[in-house]
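Fold and contact review
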Amino acid sequence: MYIMEYLFILFSFLFGTIVGSFLNALSFRFNTGKSMMTRSSCMVCNTEIKWYDLIPGISFILLEGKCRSCESRISIQYPIVEILTGVLFAGIYSIYGITIESIILFILFALMVFIFVYDYHHKIILNQFVYPLIFLSFLKIFVIGNTSSINYFDIYSVYTAIGLFLFFGAFWFFSKGTWMGLGDAKLAFAIGLILGPINGVSAIVLGFWLGALVGLGIMFYEKVIRRNNSLGMKTEIPFAPFLLIGTWLVFFFNISLF
Ligand SMILES: [Zn+2]
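Only a predicted model underlies this, so the values are computations on that prediction, with no experimental measurement involved.

Rules behind the numbers
- Residues numbered from 1 in each chain as written.
- Predicted model: local features only at pLDDT ≥ 70, side-chain atom pairs only at ≥ 80, totals over all residues.
- Heavy atoms only, no water.
- Helix = DSSP H or I, 4+ residues; strand = E, 2+ residues; numbered from the N terminus.
- Rg over C-alpha atoms; globule rule 2.2 N^0.38 Å.
- Buried < 20%, exposed > 50% of the residue type's maximum accessible area, 1.4 Å probe, protein only.
- Areas by Shrake-Rupley, 256 points an atom, 1.4 Å probe, with all protein chains shown as cover.
- Lys, Arg positive; Asp, Glu negative; His and termini not counted.
- Charge placed at Lys NZ, Arg CZ, Asp CG, Glu CD.
- Donors = N, O, S within 2.8 Å, 3.2 Å for Na, K, Ca; no water.
- Tetrahedral: all angles 85-135°; square planar, octahedral: opposite > 155°, others 65-115°.
- UniProt positions renumbered as here; feature names shortened; annotations may be inferred.
- Patch = residues over 30% accessible without salt bridge, like charges linked within 9 Å, V, L, I, M, F, W, Y side chains within 5 Å.
- Salt bridge = Lys/Arg side-chain N within 4 Å of Asp/Glu carboxyl O.
- Domains from an automatic or database assignment.
- Contact = heavy atoms within 4.5 Å.
- Buried area = accessible area lost by both parts, 1.4 Å probe.
- Polar contact = N/O pair within 3.5 Å; in protein donor to acceptor, adjacent residues only side chain to side chain.
- Nonpolar A, V, L, I, M, F, W, Y, C, P; charged D, E, K, R; others polar.
- Axes fitted to C-alpha atoms, helices over the stretch in contact; angles between N-to-C directions.
- Left-handed = near helix turned anticlockwise from the far one by under 90°.
- Core = buried A, V, L, I, M, F, W, Y, C linked by side-chain atoms within 4.5 Å.

Topic: the overall build of the protein chain
- Counting its regular elements, the protein chain contains eight helices and zero strands.
- Reading the secondary structure of the protein chain in the N-to-C direction produces α-α-α-α-α-α-α-α.
- Computed over the C-alpha atoms, the radius of gyration of the protein chain is 19 Å, within 12% of the 18 Å expected from 2.2 N^0.38 for a compact globule of 258 residues.
- Principal axes of the C-alpha set define a box for the protein chain whose edges measure 60 × 55 × 35 Å.
- In the protein chain, buried positions account for 44% of the 258 residues.
- Element-wise, carbon and sulfur atoms account for 70% of the exposed surface of the protein chain, whose accessible area totals about 14500 Å².
- Counting 15 positive and 12 negative side-chain charges, the protein chain places the centres of these two groups 10 Å from one another.

Here we look at the coordination of the zinc ion
- Coordination of the zinc ion by the protein involves C42 (SG), C45 (SG), C67 (SG) and C70 (SG), with metal-donor separations of 2.3 Å.
- Given four donor atoms and angles of 106 to 117 degrees at the metal, the environment of the zinc ion is assigned as tetrahedral.
- Along the chain, the residues that donate to the zinc ion are spaced as C-x2-C-x21-C-x2-C.

Thoughts on the UniProt feature "transmembrane region" (unreviewed entry) in the protein chain
- UniProt annotation of "transmembrane region" (unreviewed entry) refers to residues 6–30, 102–118, 130–150, 156–175, 187–219 and 239–257 when read in the numbering used here.
- Secondary structure within residues 187–219 divides into 100% helix and 0% strand; the distance between the first and last C-alpha atoms comes to 26 Å.

Section: a nonpolar patch on the surface
- Residues Y2, I3, M4, L7, L10, F11 and L14 make up a contiguous nonpolar surface patch of roughly 770 Å² in combined accessible area.
- Relative to the assigned elements, L7 resides in helix α1 (residues 3–29).

Quick word on the domain arrangement of the protein chain
- Per the domain assignment, the segments making up the protein chain are domain 1 (1–98) and domain 2 (128–258).
- Inter-centroid distance (C-alpha atoms) of domain 1 to domain 2 is 26 Å.
- With eight residues of domain 1 at the contact, the number on the domain 2 side is eight residues.
- Where domain 1 abuts domain 2, roughly 670 Å² becomes buried across the two surfaces, and 85% of that area is made up of carbon and sulfur atoms.
- A per-residue breakdown of the area domain 1 buries against domain 2 is headed by F30, L88 and Y96, which together make up 61% of the total.
- Counting across the interface, domain 1 meets domain 2 through zero salt bridges.
- Put simply, domain 1 and domain 2 have zero residue pairs in polar contact (both at pLDDT 80 or more) between them.
- The element best represented in the side of domain 1 that touches domain 2 is helix α3 (residues 77–96), accounting for six residues.
- Along the lines of polarity and charge, the residues of the side of domain 1 that touches domain 2 split into seven nonpolar, one polar and no charged.

Some words on the packing of helix α7 (residues 182–225) against helix α8 (residues 240–253)
- The interhelical angle for the contact between α7 and α8, taken along N-to-C directions, is 115 degrees, at an axis separation of 6 Å. The handedness of the crossing between α7 and α8 is right-handed.
- Residue classes in the contact of α7 with α8 are distributed as 17 nonpolar, six polar and one charged.

Let's talk about the nonpolar core
- With 55 residues, the main nonpolar core has F109, L133 and L187 as its most contacted residues.
- Counting residues per element, the ones that place at least two in this core are α1, α3, α4 (100–122), α5 (127–143), α6 (154–174), α7 and α8.
- The leading source of residues in this core is α4, at 14 residues.
- Two domains share this core, each providing at least three of its residues, namely domain 1 (1–98) and domain 2 (128–258).
- Apart from residues no more than four positions distant in its own chain, L187 is found in contact with I125, V130, L133, A240, L243 and L244.

Focus: the pattern of salt bridges
- Taken as a whole and assessed by the stated rule, the structure comprises two salt bridges.
- Where E48 meets R39, a salt bridge forms, and the shortest distance between an N and an O atom there is 3.8 Å.
- Owing to a relative accessible area of 46%, E48 belongs among the partly exposed residues under this scheme.
- Residue R39 is classed as partly exposed on the basis of its relative accessible area, which comes to 43%.

Written as structure tokens, this is what we have:
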């Protein structure tokens, strides 16, 4: 690989971290009445954050995760989302280079990161974000289509999307929304479009495994370590993060379970 290629991967990573810090701000402000146009401020003491303390990833380390004026802890979400988005963008660039495909995938993945973070916080997948995701997933089929080794015949991706939607929709319907939201079904629809039949189903299965593993881990922690017996099936664990981790693993590493 040429040195320029490494530089471009680094640029994509840095671009991703900037997009990630925007997604962080959006995840904390969306639907709260706070404007995206105001400067970032500490959530505890409200002090406006200086530009040199807003460098993705680096500022968090330099500040040791604390606000410069009141020393209250800054959410670890900030650096995690910034670095995650950076890694995803670097991965997209290293597969597709500077192409229209990459641009579509950058937006697609940014939406997925937002859905991940928002579902983690609020346990809801917003239509305002999952519908654009579905739209872009269709666009991905038309633009990238079969040229990608990841994708299958396009029509099968559509069948997969419908199949996964119905599968999750059935969960939603029969559990009256307690196991799975309809938002999960819409997200699964998009995943079907993005990955096609074999990889799409692999991503969902991976997501279920990860979710079960983490779910059991939390149950073990609460019941055995904290001896909290009030915890039952009621504990809502947001499912979108697991589906999305499954999707990203399959997308980049082409993991096929079949
Ligand atoms: Zn503060």
